[in-house]
Amino acid sequence: MGVHGGSDQFSAIAGAVAKELLGDPNKKLSSNDELRFGSKGSISVDLKKGTWFEHGTDVGGGVLALIERETGRKGREAIEWLRERGFNIEDSGNARQPAQRQAQAGSNRNYGPDDDDRQDRDDGPPMRTTKTWDYLDENGGLLFQVVRQENGLFGNDGKPEKTYLQRRPDASKPGGWNWSTKGIRQFPYRVGELIEAIREGAVIFVVEGEKAADRLIDDYGIPATTNARGAGKWVEELNPFFKGAKVVVLADDDPQAMNKKTKELRFHEDGRPIFVGIDHANAVASNLIDVAADVRVVQLTDRKKKEDVYDWLDQGGTPEQLYAIAKKAPRYEREPFRSKFHAVTWANLDAPGPEHEWLVKNVLTRGEIGMIAGPSKSGKSFLVSDIALAIARGVDWMGRRTLQGGVVYQAGEGQKD
């Protein structure tokens, strides 16, 4: 892969290098001019300028800075990293220059939030860290942190605009943190207390988010835990921690998911509406059903206002009520397989078939698509008109009973311009 010319020969390979370091970009948030990485697109790569920027931390730069950030290799070592991966970089000597001289020579490696390159960005107020949560291993060692950041603004739901990032300790990085947790083993939140509670036979509440888990544990002494990275991010390596446990998964009460750009409501492939909170809870329960001794799913409210157990407690809910609700909840059972093609499984092959509501007995059904086909001039239009009139009048059609109802007849013929 050759790179030649320009004040910064690295800018042309920014996209390829970012994919090598950060993995696949977020296709929904990316465009022809910009790649976005992460579930919320927190890292952007400007393909025209050859620069990157992490919106949560106000840190950015060029290709060399990204390599240094992700690998710890800088200067000549960063150049060698590129060459090891097939990038043919001209040896201009810039890699040996201090960062300040590189910037003067036209390099973008020190691009940051205060540079002129950001004047056309509209990212709003910068995000600032407001809370961190530690994820520890069985021995109490710090694996990584979940970092909550806010920009001081509020969304339409009245709640602060926020984002969540993860970072792991790394003395070789600025500030002592590496903002990539790729490859880090996942543990449940507050795993030491979780293991002890399961050993004692306590009911474990799995919630969505560290804030809710802390509220249950610290304020009420209720055993609770969660997974990092939010809804939809439960991973199988968390399952063994819950062997033999009694688990209640508390689902967030979210509104139906919506496409942010088109504002259209979102649905599963089988037609069911997508509710992120309950879908996540069911996914967790499905993971644990073969591991835990008892699994139940509870949604405490049903107002579709992004409420969780934290809100429920603020509204007057009590630990006694929580345990009572959990005890009454049925044991979780996996949802039956749903074919998006409405296929019949072998297990249901002998089950009664679907019942049809006939518009014309044994000819035309209600709520389904019917088709009348035949050669030209064979009387199809007359036949359809005759059926439509029979249905509209509620009279038999060719000796077959009809279901009376309104009819709209729309004739559309093919036509050349």
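Asks: It is not clear to me how the pattern of salt bridges should be interpreted in this structure. Could you clarify?
Replies: Any two side chains of opposite charge can pair, given that their charged atoms come close. As enumerated under the stated definition, the model contains 21 salt bridges in all. For Arg-148, the salt bridge identified is with Glu-150, shortest N-O distance 2.6 Å. Asp-290 is paired through a salt bridge with Arg-334; the nearest N and O atoms lie 2.7 Å apart. In this pair, Asp-290 sits in the loop between helix H7 (276-288) and strand E12 (294-298) while Arg-334 sits in the loop between helix H9 (319-328) and strand E13 (358-360), placing the two residues 44 residues apart along the sequence. Residue classification places Arg-334 among the partly exposed residues on the basis of a relative accessible area of 44%. Through salt bridges with shared partners, a single network forms among Arg-190, Glu-193, Asp-214 and Asp-218.

Asks: Explain the packing of aromatic side chains to me, please; I cannot follow it from the model alone.
Replies: Aromatic rings in a pair are described by how distant their centres are and how their planes are angled relative to each other. Taken as a whole, this structure holds six aromatic pairs when the rule is applied. Ring geometry for Tyr-135 against Phe-144: centres 4.7 Å apart, planes inclined by 10 degrees, an arrangement best described as stacked. An identical accessibility class is assigned to Tyr-135 and Phe-144; each is buried. Consider the rings of Phe-205 and Tyr-323, whose centres lie 5.4 Å apart with planes at 75 degrees: the pair is edge-to-face. Of this pair, Phe-205 sits in strand E9 (residues 203-206) while Tyr-323 sits in helix H9, and the two are 118 residues apart along the sequence. When the ring centre of Tyr-310 is taken as reference, the NZ or CZ atom of Arg-215 above it lies at 4.4 Å. In this structure, Lys-304 is placed above the aromatic ring of Phe-275, and the distance from its NZ or CZ to the ring centre is 5.3 Å.

Asks: How should I be thinking about the pairing of E9 in this particular structure?
Replies: The two faces of the sheet receive side chains in turn, since in a regular strand these alternate between them. Where E9 lies against strand E11 (residues 246-250), four bridges are found, and the strand directions are parallel. Looking across to E11, one finds that Val-203 is bridged to Lys-246. With two bridges joining them, E9 and strand E10 (residues 224-225) adopt parallel strand pairing. Across the sheet, the residue bridging to Phe-205 is Ala-224, located in E10. As for the winding sense of the linkage, the β-α-β connection from E9 through helix H6 (residues 210-220) to E10 is right-handed.

About the cut-offs
Residues numbered from 1 in each chain as written. Predicted model: local features only at pLDDT ≥ 70, side-chain atom pairs only at ≥ 80, totals over all residues. Heavy atoms only, no water. Salt bridge = Lys/Arg side-chain N within 4 Å of Asp/Glu carboxyl O. Helix = DSSP H or I, 4+ residues; strand = E, 2+ residues; numbered from the N terminus. Buried < 20%, exposed > 50% of the residue type's maximum accessible area, 1.4 Å probe, protein only. Phe/Tyr/Trp six-rings, centres within 6.5 Å; stacked < 30°, edge-to-face > 60°. Lys NZ or Arg CZ within 6 Å of the ring centre and 35° of its normal. Pairing = 2+ DSSP bridges. Right-handed = clockwise from strand over helix to strand, strands pointing away.

Geometry only, nothing functional implied.
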